[in-house]
Structures are given as C-alpha cells and as structure tokens.
Amino acid sequence: MNTIIMKKYLPLILILTIPVSLFAQSDQEEKEILTELLHEFLEGASYNDAATHARFWAEDLIYTGSNGNRIAKADIMSGVNENPDRSLEPETRYSGEDIQIMIFGETAVVAFRLVAEFADPNESELNFYNTGTFVKRDGEWRVVAWQATSIPNENE
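As the structure is a computational prediction, the values presented were derived from the model and not from experiment.

A. Molecular detail of the pattern of salt bridges. Scanning all chains against the criterion turns up seven salt bridges. In this structure, the salt-bridge partner of Glu 30 is Lys 136, at a minimum N-O distance of 2.8 Å. Residue Glu 30 is found in helix H1 (residues 2-46), and its partner Lys 136 is found in strand E5 (residues 126-137); the two are separated by 106 residues along the sequence. Taking the shortest distance from any N to any O, the salt bridge between Glu 59 and Lys 73 comes out at 2.8 Å.

What follows is the structure, encoded as structure tokens:
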C-alpha cells in the first residue's frame, strides 16, 4: 500500500520541493553578493572613497552612528573626499568579521563586527557591531538603514 501511495504522490512531492531548493540556492547566491559588496565597501571606505559610499548607501538612508547621532546619505557624502588613489596605505583600514546575513525576498539584514585597524601602532584596534538593512532596487542592493554600536575595548 505504501508503495502505491508513494508512486501516486512522488511527482507532487518533487514539484513542491523543487521551488524550495531553488529559493535556497538563490538566497545563498544573494548572501555571496552581499558579502562581496560589504567587503568592497569596507575596502573603499578605508580610503574614504566617495564613489564607494555613493554606490553603497541608498538615497533615503537612515544611519545611526555609534555616538547616537542619526544622519542621512547627504551627510555622509558631504563628509567624504573623492580619493580614488589607492596606492597610499590608508590611516585606518576597515574589515568585517562574523558576518551574518538573512534574506527576506528583496530585503536583507546584514550584521557583522566592524574592525578598524590603524596605521599608527600606538592606536588600539576598534570594534563595532553593525547591522544594515539592504533593499534590492533596480537589481542592486542598497543600504536603507544602518546601526553601529561600539564594542568596548577589553583593556579599558
């Protein structure tokens, strides 16, 4: 009896599981794209590159910094300098660790630990928890909301 039921319902089971596996693969691909976008952004931000900031942040961004100030993309853009020359080592190099990404259709949440390392050996490394909400618009992921939280230095 079980064999007859399996033969009857197997095509239905396969049809129902195919879309789930396709979405899982798509989510994994989107996570890889977002991870690469984050790393590219952190590299460009290390050089204070305006083009990198312009690409990353959405026009309607809400950014809450670790100091509690809330700013918009225009505020960020007015504070960055065009610096396409990446031949000089930056004073501060940013990287992302412990990256977690959740996809919700055309929206994604990216959480990670931002590490700021300084060229000056007398300055201590800084760490921040960052959470960004990305929305896919016109085929590109853009950050619409960002929250940064300072992680206290263990030596303090």
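B. Seen up close, the pairing of strand E6 (residues 140-151). Both strand E1 (residues 57-64) and E6 contribute to a ladder of four bridges, which runs parallel. The residue bridging Trp 57 from the neighbouring strand is Val 143, located in E6. Judged from the 11 bridges that link them, E5 and E6 form a sheet pairing that is antiparallel. Note on E6: the bridge partner recorded for Phe 128 is Ser 150. In this structure, the hairpin formed by E5 and E6 is closed by a connection of two residues, where Asp 138 is found at a positive phi of approximately 50 degrees.

C. Looking closely at the side chain of Thr 52. With respect to the helices, strands and loops of the structure, Thr 52 is situated in helix H2 (residues 50-56). In this structure Thr 52 comes out as buried when scored by relative accessible area, which is 13%. Looking at Thr 52, its side chain comes within polar contact range of the side chain of Asp 49, at 2.6 Å.

D. Local environment of the sheet that holds strand E4 (residues 107-118). Strand order in this open sheet of six strands is E2-E1-E6-E5-E4-E3, and the pairing throughout is mixed. The two strands at the open ends of the sheet, each matched to only one other strand, are strand E2 (70-71) and strand E3 (92-104). For E4 and E5, the ladder comprises 10 bridges, and the chain directions are antiparallel. Bridge pairing in E5 places Val 109 opposite Thr 133.

E. Broad picture of the nonpolar core. The biggest cluster of nonpolar side chains holds 25 residues, and the ones touching the most others in it are Leu 34, Phe 56, Trp 57, Phe 134 and Trp 146. Breaking this core down by element, the ones donating at least two residues are H1, H2, E1, E3, E4, E5 and E6. Per element, the largest residue contribution to this core is six residues, and it comes from H1. If we ignore the near neighbours within four places in the chain, the residues touching Trp 146 are Leu 38, Phe 56, Trp 57, Leu 61, Ile 62, Tyr 63, Thr 64, Phe 112, Asn 130, Thr 131, Gly 132 and Phe 134.

F. Layout of the environment of Thr 92. Classification of Thr 92 as buried rests on a relative accessible area of 16%. Note: C-alpha distance between Thr 92 and Phe 118 (26 residues apart in sequence) is 4.5 Å. In this structure Thr 92 touches Ser 46, Ala 116, Glu 117 and Phe 118, once residues within four positions along its chain are discounted.

G. Here's a closer look at the environment of Ala 108. For Ala 108, the position within the fold is in strand E4. Along the chain, Ala 108 and Arg 142 lie 34 residues apart, while their C-alpha atoms are 9.7 Å from each other. Residues within four places of Ala 108 in sequence aside, it is in contact with Leu 34, Met 102, Ile 103, Gly 132, Thr 133, Phe 134 and Trp 141.

H. Expanded view of unusual backbone geometry. We note that Asn 48 has phi near 55 degrees; this positive angle belongs to a residue other than glycine. On the secondary structure map, Asn 48 appears in the loop between H1 and H2. Accessibility expressed as a relative area gives 27% for Asn 48, which makes it partly exposed. In this structure, Asp 138 is a non-glycine residue whose phi angle is positive, near 50 degrees. Tracing the backbone shows Asp 138 in the loop between E5 and E6. Assessed through its relative accessible area of 82%, Asp 138 is described here as exposed.

About the thresholds
Residues numbered from 1 in each chain as written. Predicted model: local features only at pLDDT ≥ 70, side-chain atom pairs only at ≥ 80, totals over all residues. Heavy atoms only, no water. Salt bridge = Lys/Arg side-chain N within 4 Å of Asp/Glu carboxyl O. Helix = DSSP H or I, 4+ residues; strand = E, 2+ residues; numbered from the N terminus. Pairing = 2+ DSSP bridges. Buried < 20%, exposed > 50% of the residue type's maximum accessible area, 1.4 Å probe, protein only. Polar contact = N/O pair within 3.5 Å; in protein donor to acceptor, adjacent residues only side chain to side chain. Core = buried A, V, L, I, M, F, W, Y, C linked by side-chain atoms within 4.5 Å. Contact = heavy atoms within 4.5 Å.

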